[in-house]
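Examining the three-dimensional arrangement
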Amino acid sequence: MSAITGTGMFRSLRVHDYRLWASGAIVSNVGTWMQRTTQDWIVLTRLTQHDALAVGITTALQFGPQLFLSPVTGLVADRVPKRLLLSITQAVMGVLGLALGVLVLTGTDTLVEVYGFALLLGITAAFDAPARQSFVSDLVGPDDVSNAVALNSASFNLARLLGPAVAGLLTEAVGPGWVFVLNAASFAAVLTSLRFIHAPGVDVGGRPSRSFKDIGEGFTAVASRRDLLIVFVLVALMGTFGLNFAIYASTMAVLFGQGATGYGLLSSALAVGAVTGALLSARRPAPRFSLLVLAGALFGIGLLLGSAAPSYLALAIVLPLVGVAAQTFMTTANGLVQMGVGREVRGRVMALYMATVMGGTVVGGPAVGWVANAFGPRQGLLIGAVAGVLTAIVGAVYVRRHAGAAEPVLHTD
């Protein structure tokens, strides 16, 4: 059999509905990364005087709602038909992108307004993320869930490769306002793909919620499982202090005297590694805990090398290693969590997972930004390096203490 129709790297693409989703999602994700890159850049260079803390606050506002709203958004993902929910969230994010674009084009944007749009986008994304994560597993059979999760990550990071580079070029060529407008237009692709997906589960909601116990079932599913709880602990360490790429790339670009294009290329260098890491994960039949330990160590080593880079080119060469390690870690963790619980609570558990990944930036983003401001961009990278090494140490200790039961039990429903 071919790689697409057999057991190869792209086997999930044999499913018609997954192909539709993947084709629409890649276009939308490119636009989203264009907006994120441009938003951070105008905060750093147009609305402030190279204030890394302001970039950290913007990041925290955009991802913080996933931390605070996760009990509610996870329940919504398990109760509301996923096609309907995703159609609403994707449309709202498109409108927000268009509105911000109009403000920038007319020169009426302020730092407070950008903060406000980041917050609104974060609230919308908090409802979108758990539905999007669990939606993928509804499109393919149980044997392809791990592969579909990995390919979804590859698609996301391919967009992360293209989006920042395109954003940097367009920002200098036509201005940041048009980047936001193009992002708004990109949501038409995923909305169109959602219209033509026919998987039976996408229009079926769960039983109506009758008590607060339903909201807490996601917490219970994780807290009662030592094997899943340790994955969440490791993800919390990395998500809070390690995965602050916007701060790393923007501040180091300024340190080396680069403009928006140089910043976008650093983000793309990270994404080259991330795409590679996701595709390597797609080749594996199932996620394994031991990869979290290895990836954490490589992440720490990569950022340590990056913090000592003598030139812009040297940093750009090192960053793909960081991207491979980060994506291997996150794809493996995502697969372990998503396949570690049953479908009936998957939305709530994935909401907690996304809250752990993104919500940690409420603390980590401003903290790393403050360090970069106070002590320099290189010290900001060192914070991430320490987070990666600490993640590897904690994971290794767990494996040593629970050698016979380190791997989480995986569900195939």
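Shown above is the structure to which this text applies.
We now turn to the structure provided with this report. (Residues numbered from 1 in each chain as written. Predicted model: local features only at pLDDT ≥ 70, side-chain atom pairs only at ≥ 80, totals over all residues. Heavy atoms only, no water.)

Some words on the environment of Leu-291
- Along the chain, Leu-291 turns up in helix α13 (residues 289–307).
- For Leu-291 and Thr-332, which are 41 residues apart along the polypeptide, the C-alpha to C-alpha distance reads 7.1 Å.
- Not counting residues within four places of it along the chain, the set of residues in contact with Leu-291 comprises Arg-284, Thr-328 and Thr-332. (Helix = DSSP H or I, 4+ residues; strand = E, 2+ residues; numbered from the N terminus. Contact = heavy atoms within 4.5 Å.)

A short note on the packing of aromatic side chains
- With the rule as written, the count across this model stands at 7 aromatic pairs.
- Summarising the aromatic geometry, the rings of Trp-41 and Tyr-263 are spaced 5.3 Å apart at their centres and angled 20° between planes, so their arrangement reads as stacked. Placement of the pair is Trp-41 in helix α1 (residues 16–45) and Tyr-263 in helix α12 (residues 260–283), with a sequence separation of 222 residues. Of the two residues examined, Trp-41 and Tyr-263, each falls in the buried class.
- Feature note: the residues Phe-245, Tyr-248 and Phe-299 constitute an aromatic cluster, connected by ring pairs.
- In this structure, Arg-36 is placed above the aromatic ring of Trp-33, and the distance from its NZ or CZ to the ring centre is 5.1 Å.
- Against the face of Phe-196 rests Arg-195, its NZ or CZ located 5.5 Å from the ring centre. (Phe/Tyr/Trp six-rings, centres within 6.5 Å; stacked < 30°, edge-to-face > 60°. Buried < 20%, exposed > 50% of the residue type's maximum accessible area, 1.4 Å probe, protein only. Lys NZ or Arg CZ within 6 Å of the ring centre and 35° of its normal.)

Some words on the packing of α1 against helix α2 (residues 52–63)
- Taken N-terminus to C-terminus, the directions of α1 and α2 make an angle of 145°; their axes are 8 Å apart at the nearest point. Our pair here, α1 against α2, has a crossing hand that is right-handed. Between α1, through Arg-36, Gln-39, Asp-40, Val-43 and Leu-44, and α2, the contact on the second element is made entirely by Ala-52, Ala-54, Val-55, Thr-58, Thr-59, Gln-62 and Phe-63.
- For the contact of α1 with α2, the class distribution of residues is 6 nonpolar, 4 polar and 2 charged. (Axes fitted to C-alpha atoms, helices over the stretch in contact; angles between N-to-C directions. Left-handed = near helix turned anticlockwise from the far one by under 90°. Nonpolar A, V, L, I, M, F, W, Y, C, P; charged D, E, K, R; others polar.)

Here's the deal with empty space enclosed by the protein
- One pass over the structure, following the stated rule, counts 6 cavities of 30 Å³ or more.
- For the second largest cavity, the calculated volume is near 90 Å³.
- As for the second largest cavity, its lining consists of Ser-146, Val-149, Ala-150, Ser-281, Arg-284, Ala-286, Pro-287, Arg-288, Leu-291, Thr-331, Thr-332 and Gly-335.
- When residues of the lining of the second largest cavity are traced back to their parent elements, those giving at least two are α7 (145–173) and α14 (312–338). (1 Å grid on protein atoms, 1.4 Å probe; cavity = no way out; pocket = protein on both sides within 12 Å on 5 of 7 lines; lining within 4 Å. Points joined across faces, edges and corners; volume = space filled by probe spheres on them.)

Considerations on the side chain of Thr-58
- Structurally, Thr-58 can be placed in helix α2.
- Among the polar contacts made by the side chain of Thr-58, one reaches the main-chain carbonyl oxygen of Ala-54 at a distance of 2.9 Å. (Polar contact = N/O pair within 3.5 Å; in protein donor to acceptor, adjacent residues only side chain to side chain.)

Looking at helix α6 (residues 111–139)
- Its 29 residues place the ends of α6 40 Å apart at the C-alpha level, agreeing with the 42 Å of an ideal helix rising 1.5 Å per residue.
- The largest bend in α6 is about 30°, located at Ala-125.
- Here α6 lies mainly inside the structure; 21 of its 29 residues are buried. (Expected span 1.5 Å × (residues − 1). Bend = angle between axes of the 7 residues up to and from the residue.)

Re the pattern of salt bridges
- All chains considered together, the criterion is met by 3 salt bridges.
- In this structure, Arg-225 and Asp-227 form a salt bridge, with 3.0 Å as the shortest nitrogen-oxygen distance. The exposure classification of Arg-225 matches that of Asp-227, with both residues buried. (Salt bridge = Lys/Arg side-chain N within 4 Å of Asp/Glu carboxyl O.)

What to know about unusual backbone geometry
- Although it is not a glycine, His-50 sits at a positive phi angle of roughly 55°.
- Locating His-50 in the fold gives a position in the loop between α1 and α2.

Some points on a nonpolar patch on the surface
- Taken together, the side chains of Leu-294, Leu-298, Ile-301, Leu-305 and Leu-321 make up a nonpolar region of the molecular surface, amounting to roughly 410 Å² of accessible area.
- Looking at the nonpolar patch, the element that brings in the most residues is α13, giving 4 residues.
- Structurally, Leu-305 is set in helix α13. (Patch = residues over 30% accessible without salt bridge, like charges linked within 9 Å, V, L, I, M, F, W, Y side chains within 5 Å. Areas by Shrake-Rupley, 256 points an atom, 1.4 Å probe, with all protein chains shown as cover.)

Description of the environment of Ala-221
- Summarising the element assignment, Ala-221 is placed in helix α9 (residues 212–223).
- For Ala-221, a relative accessible area of 18% puts it in the buried group.
- Between the alpha carbons of Ala-221 and Val-341 there is a distance of 7.4 Å; along the sequence they are 120 residues apart.
- Beyond its immediate chain neighbours, meaning those up to four positions away, Ala-221 contacts Leu-228, Val-341, Val-345 and Val-349.

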